[in-house]
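A structural walkthrough
So you can see what is in the structure, the chains are spelled out below.
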Amino acid sequence: MKIIAYGIRADEKPFLDKWSEENSDVEVISTGKLLDETTVDQAKGADGVVTYQQKPYTADVLDKLGRFGIKYLSLRNVGFDNVDVDAAKRNNIRVTNVPAYSPQAIAEFTVTQLMRLLRRTNTFDRKMANGDLRWAPDIADELNQMTVGVYATGRIGRAAIQIYKGFGAKVIAYDIYHNPELEKEGIYVDTPAELYAKADVISLHAPATKENEHMLDDAAFAQMKTGIYILNPARGILIDTDALIRALDSGKVAGAAIDTYEDEVGIFNSDFGSFDKIPDERLKNLLKRENVLVSPHIAFYTKRAVHNMVCYAMDANKSLIKTGKSDKLVDL
Ligand code: COI
């Protein structure tokens with residue numbers, strides 16, 4: 001049995017090598033290159049493909065995998081919004097993801113960024129670097145005094161809720177699916193509008209779907225309290241960036257922590273050598289602001305998460321090849 005793993009980074013390689021040692025019945029080929037039209041030929045002869053990337057898995061690539069007789073594509077991450085669903089279906093390609101490599105990693109990072117915003121650490125770091133050690137006017141807010149509105153209560157949303165509660169915040173949530181435990185606690189509100197109107201912080205944990213695209217737009221920001229904090233460790237496409245910039249300019253939004261950005265593909269996890277060379281003016285606009293924390297999609301990036309992403313995806317691919325079954329199949 002042969003599996004090819006694409007886009008393997010240096011931090012993933014030791015985990016892949018260990019998995020390979022422990023699974024000597026599988027021939028593992030790996031490449032640092034991403035799976036696309038220029039690299040798909042390397043998959044010829046393999047029984048399964050394991051990948052992680054944010055750029056699209058296009059119809060061309062999936063058609064080619066289909067022609068090579070490859071039926072199993074295992075993603076090392078959660079989101080599968082970049083898979084061409086029609087092409088996967090027409091080639092009978094079954095896709096697995098890793099739904100829970102570490103929801104806590106993302107939740108911890110989200111709350112870390114919120115605390116940085118509330119305690120104005122970015123402002124104080126910049127002031128201190130310039131020799132300004134004064135307190136005023138950068139007085140902080142306290143999370144224990146605030147209401148956090150969690151949008152979507154899947155694994156990551158629920159992990160974030162636990163931490164928010166630990167800080168003593170009041171938590172309300174919106175989701176079309178209600179988690180029974182949270183339902184008992186009565187934390188759900190009925191509409192996104194209610195969440196926006198009641199919360200001091202909006203913590204986004206929804207997947208990228210057609211319905212969620214630009215869910216935070218001018219109209220949504222208008223429904224929020226003035227001075228709202230926005231956290232997006234989920235998917236860039238959830239926020240209309242132009243609307244966010246307008247809401248920051250008007251003071252409607254007091255601060256935002258953006259770990260995902262709608263035009264991040266090809267930009268995040270790249271080194272441009274200097275700030276000026278970052279090829280995205282809107283992103284630079286956000287990066288220049290003291291009350292906006294932009295991070296390059298790193299909420300997931302912990303040792304435990306990366307280990308689990310590699311090993312769970314390899315396990316899922318092997319299981320599909322051997323038995324045609326996996327508990328990580330996604331419903332395309
Ligand atoms: C996901 O798992 O879907 C993520 O967003 C993390 C990814 C950048 C590896």
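Residues numbered from 1 in each chain as written. Predicted model: local features only at pLDDT ≥ 70, side-chain atom pairs only at ≥ 80, totals over all residues. Heavy atoms only, no water.

Here the focus is the UniProt feature "domain: D-isomer specific 2-hydroxyacid dehydrogenase catalytic" (unreviewed entry) in the protein chain. Under the present numbering, the feature "domain: D-isomer specific 2-hydroxyacid dehydrogenase catalytic" (unreviewed entry) in UniProt falls on residues 8–330. Regarding residues 8–330, the helix share stands at 37% and the strand share at 13%, and the terminal C-alpha atoms are separated by 22 Å. (UniProt positions renumbered as here; feature names shortened; annotations may be inferred. Helix = DSSP H or I, 4+ residues; strand = E, 2+ residues; numbered from the N terminus.)

Bringing the packing of aromatic side chains into the picture now. For the structure on display, the rule yields four aromatic pairs. An angle of 35° between the planes, with centres 6.4 Å apart, marks the rings of Y261 and F268 as tilted. A residue is classified by how much of its surface remains accessible, and Y261, at 3% relative accessible area, is buried. On the basis of relative accessible area, F268 is assigned to the buried category, the value being 9%. (Phe/Tyr/Trp six-rings, centres within 6.5 Å; stacked < 30°, edge-to-face > 60°. Buried < 20%, exposed > 50% of the residue type's maximum accessible area, 1.4 Å probe, protein only.)

Let us look at helix α5 (residues 121–129). Every α-helical turn comprises 3.6 residues, leaving residues that sit three or four positions apart pointing alike. Residues N122, T123 and K127 constitute the buried set of α5. When α5 is viewed along its axis, its buried side chains cluster within an angular range of 130° and face the same direction. Looking one or two residues past α5, G131 carries a phi angle of roughly 80°, positive in sign. (Arc of directions from axis to C-beta.)

Taken in spatial order, the five strands of this open sheet run β2-β1-β3-β4-β5, and their pairing is parallel. Only two strands of the sheet have a single partner each, and these edge strands are β2 (27–30) and β5 (94–96). Neighbour-to-neighbour, the strand axes of this sheet turn through a mean angle of 20°, independent of strand direction. Pairing geometry for strand β3 (residues 48–51) and strand β4 (residues 72–75), over three bridges, is parallel. Its bridge partner lying in β4, T51 is registered against L75. Where helix α1 (residues 13–22) meets the sheet, its contacts fall on β1 (2–5) and β2, and the angle it forms with β2 comes to roughly 165°. (Pairing = 2+ DSSP bridges. Axes fitted to C-alpha atoms, helices over the stretch in contact; angles between N-to-C directions. Contact = heavy atoms within 4.5 Å.)

Moving on, we get to the pattern of salt bridges. In the structure shown here, the tally under the stated rule is 24 salt bridges. Between D242 and R282 there is a salt bridge, with the nearest N and O atoms lying 3.1 Å from each other. Here R282 lies in helix α11 (residues 281–287) and D242 lies in helix α10 (residues 241–250), a separation of 40 residues in the sequence. In this structure, D249 engages R289 in a salt bridge whose closest nitrogen and oxygen atoms are separated by 2.9 Å. Here the residue D249 occupies a position in helix α10, and R289 occupies one in the loop between α11 and β11 (292–294), the gap between them amounting to 40 residues. For R289, a relative accessible area of 16% corresponds to the buried category. (Salt bridge = Lys/Arg side-chain N within 4 Å of Asp/Glu carboxyl O.)

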